[in-house]
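Inside the fold
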Amino acid sequence: MGLLSIIRKQKLKDKEIRILMLGLDNAGKTTIVKKLLNQNISEISPTMGFQIDTLEYIDPDSKDSFRLNVWDVGGQSTLRPFWFNYFEKTDSLIWVVDILSMERMQENFVEFEKVLKEDRLIGSNLLILVNKTDLLEGNDSSRVDEICHLIEESLQLKQIKNHNYKLLPCSAYTGANIEEGIKWIVDEIKERLYLYH
Ligand SMILES: Nc1nc2c(ncn2[C@@H]2O[C@H](COP(=O)(O)OP(=O)(O)OP(=O)(O)O)[C@@H](O)[C@H]2O)c(=O)[nH]1
Ligand SMILES: [Mg+2]
């Protein structure tokens, strides 16, 4: 058995998953984490460093419980050079995009591309959360689909080779699709880990 398989077996035993949340400032990373933790989301300030939160996730199929260690890192431009300190041992990367920030898509792509070039993230799965869908008038689902498609193109997601990825529209305010996103992450990791079982 290779070293990697031993490490993965060990991780399955511990059922610990390390999730790194990145994305531009104001995307809603901290709000999403707080929503998952059932905490108050009415007074959130920009993250000036990073914060680690732990949440328990019970797999609805197997009833196994997983401990998710979520690393929420500030996205302001002055803080981005520090992102590279957090890549080690990441199982999943969540990239958060504000659905109403199309004018920042170039900046978004530049930062996203830099992160995806990182060797230490190879093999981690990638969830792109397009957040704040509640801000679209009338919760117009065809408009949501249209913007998600544009984001998929702008971030060149179809060219990604080193990661399994999924893009989901969500709202930290209403909670829409937030748990579905976490379920996707855990299911992906379970599948990978069970290969070595
Ligand atoms: N309408 C709406 N506003 C949201 C949502 N999620 C976050 N916000 C707001 O967006 C702003 C930024 O949210 P944060 O969670 O601080 O964003 P962040 O990505 O953590 O920002 P940094 O820590 O600076 O990187 C706040 O005013 C939130 O209230 C959402 O789903 N809907
Ligand atoms: Mg934050």
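For every chain, the first residue of the written sequence is number 1, and numbering continues from 1 onward in sequence order. To label them, take the chains in the order written and letter them from A, then take the ligands in the order written and number them from 1. Where local features are concerned, this predicted model is filtered to residues with pLDDT of at least 70; where side-chain atom pairs are given and counted, the filter is 80 or more; whole-chain, interface and lining totals use all residues. Derived side-chain values reflect all non-hydrogen atoms in the structure, with water molecules and hydrogen atoms excluded from consideration.

Things to note about the UniProt feature "binding site: Mg(2+)" (unreviewed entry) in the protein chain
Rules: UniProt positions are given in the numbering used here, feature names are shortened, and annotations may be inferred rather than shown by experiment. Strands are runs of DSSP state E lasting at least 2 residues, helices are runs of H or I lasting at least 4, and numbering of each runs from the N terminus. In what follows, residue pairs with any heavy atoms lying within 4.5 Å of each other are defined as contacts. Counted as a polar contact is a pair of N or O atoms within 3.5 Å, where, for protein atoms, one must be capable of donating a hydrogen and the other of accepting one, and residues adjacent in sequence contribute only when both atoms are in side chains.
UniProt tags Thr30 and Thr47 as "binding site: Mg(2+)" (unreviewed entry). Spatial clustering of the annotated residues is evident: they stretch over 18 residues in sequence, but the largest pairwise C-alpha distance comes to 7.5 Å. With respect to the helices and strands, the residue Thr30 is situated in helix α2 (residues 29–36). Discounting chain neighbours no more than four positions away, the residues touching Thr30 are Ile44, Thr47 and Asp72. Apart from residues lying up to four places away in sequence, Thr47 is in contact with Thr30, Asp72, Val73, Gly74 and Leu79. Side-chain polar atoms of Thr47 contact the side chain of Thr30, separated by 2.8 Å.

Side note on the sheet that holds strand β2 (residues 50–58)
Going by this rule: Note on pairing: two strands pair once DSSP finds at least 2 bridges between them. Here, axes are lines fitted to C-alpha atoms. For helices the fit covers the stretch in contact, and angles between N-to-C directions go from 0 to 180 degrees.
Spatially, six strands are ordered β2-β3-β1-β4-β5-β6 in an open sheet, and the strand pairing comes out mixed. In this open sheet, the two edge strands, each paired with only one partner strand, are β2 and β6 (165–169). Averaged over neighbouring strand pairs, the angle between their axes works out to 20° when direction is ignored. As judged from the six bridges shared by strand β1 (residues 16–22) and strand β3 (residues 65–73), these two strands associate in the parallel manner.

Remarks on the pattern of salt bridges
We count it as follows: Throughout this description, the term salt bridge denotes a Lys or Arg side-chain nitrogen within 4 Å of a carboxyl oxygen of Asp or Glu. To sort residues, take the accessible area from a 1.4 Å probe on protein chains only and compare it with the maximum for the residue type: under 20% means buried, over 50% means exposed, and anything in between is partly exposed.
Applying the stated rule across the entire model yields 15 salt bridges. A salt bridge links Glu146 to Arg143; the nearest nitrogen and oxygen atoms lie 3.0 Å apart. Linking Glu146 with Arg143, this pair stays in helix α4 (residues 141–154), spanning three residues, or about one helical turn. A relative accessible area of 45% places Glu146 in the partly exposed class.

Here we look at the coordination of the magnesium ion (ligand 2)
Applicable threshold: A donor here means an N, O or S atom no more than 2.8 Å from the metal, or no more than 3.2 Å when the metal is Na, K or Ca. Since water is not included, a site may seem to lack partners.
With distances of 2.0 Å, the protein atoms coordinating the magnesium ion (ligand 2) are Thr30 (OG1) and Thr47 (OG1). Note that Thr30 is positioned in helix α2 and Thr47 in the loop between α2 and β2, a separation of 17 residues in sequence. For the pair formed by Thr30 and Thr47, the shared burial category is buried.

Describing α2
Of all the eight residues making up α2, six are buried; the element is thus mostly covered by neighbouring parts of the structure. Three or more residues of α2 are buried, namely Lys29, Thr30, Thr31, Ile32, Val33 and Leu36. The first or second residue beyond α2 is Asn38, which carries a positive phi of 60°.

Quick word on the site of ligand 1
What counts here: Think of it this way: one heavy atom of a residue within 4 Å of a molecule or strand is enough to make that residue near it. Here, Shrake-Rupley sampling with a 1.4 Å probe gives the accessible areas, and only protein chains in the shown set may cover a residue. Only Asp, Glu, Lys and Arg are considered charged, only Ala, Val, Leu, Ile, Met, Phe, Trp, Tyr, Cys and Pro nonpolar, and every remaining residue, Gly among them, polar.
Near ligand 1 there are 20 residues, and of these Lys29, Thr31, Gly75, Asp134 and Tyr173 occur at the shortest range. A distance of 2.9 Å separates an oxygen atom of ligand 1 from a polar atom in the backbone of Gly28. Separating an oxygen atom of ligand 1 from a backbone N or O atom of Thr47 is a distance of 2.8 Å. Compared with its free state, where it exposes 660 Å², ligand 1 has 88% of that area covered by protein. With three residues, α2 is the largest single contributor of residues to the shell around ligand 1. Looking at the shell around ligand 1 residue by residue, the classes come out as seven nonpolar, nine polar and four charged.

Quick word on helix α3 (residues 105–116)
Counted only if it meets this: A helix is expected to span 1.5 Å multiplied by its residue count minus one.
Given a rise of 1.5 Å per residue, twelve residues ought to cover 16 Å, and the 16 Å separating the end C-alpha atoms of α3 matches this to within 8%. Those residues of α3 that sit buried are Met105, Asn108, Phe109, Glu111, Phe112, Val115 and Leu116.

A look at unusual backbone geometry
At Lys89, a residue that is not glycine, the phi angle is positive and equals roughly 65°. Take Lys89: it is sitting in the loop between β3 and β4 (92–98). Backbone geometry at Lys132 places phi at a positive 80°, although glycine is not the residue there. Relative to the elements of secondary structure, Lys132 occurs in the loop between β5 (125–131) and α4.

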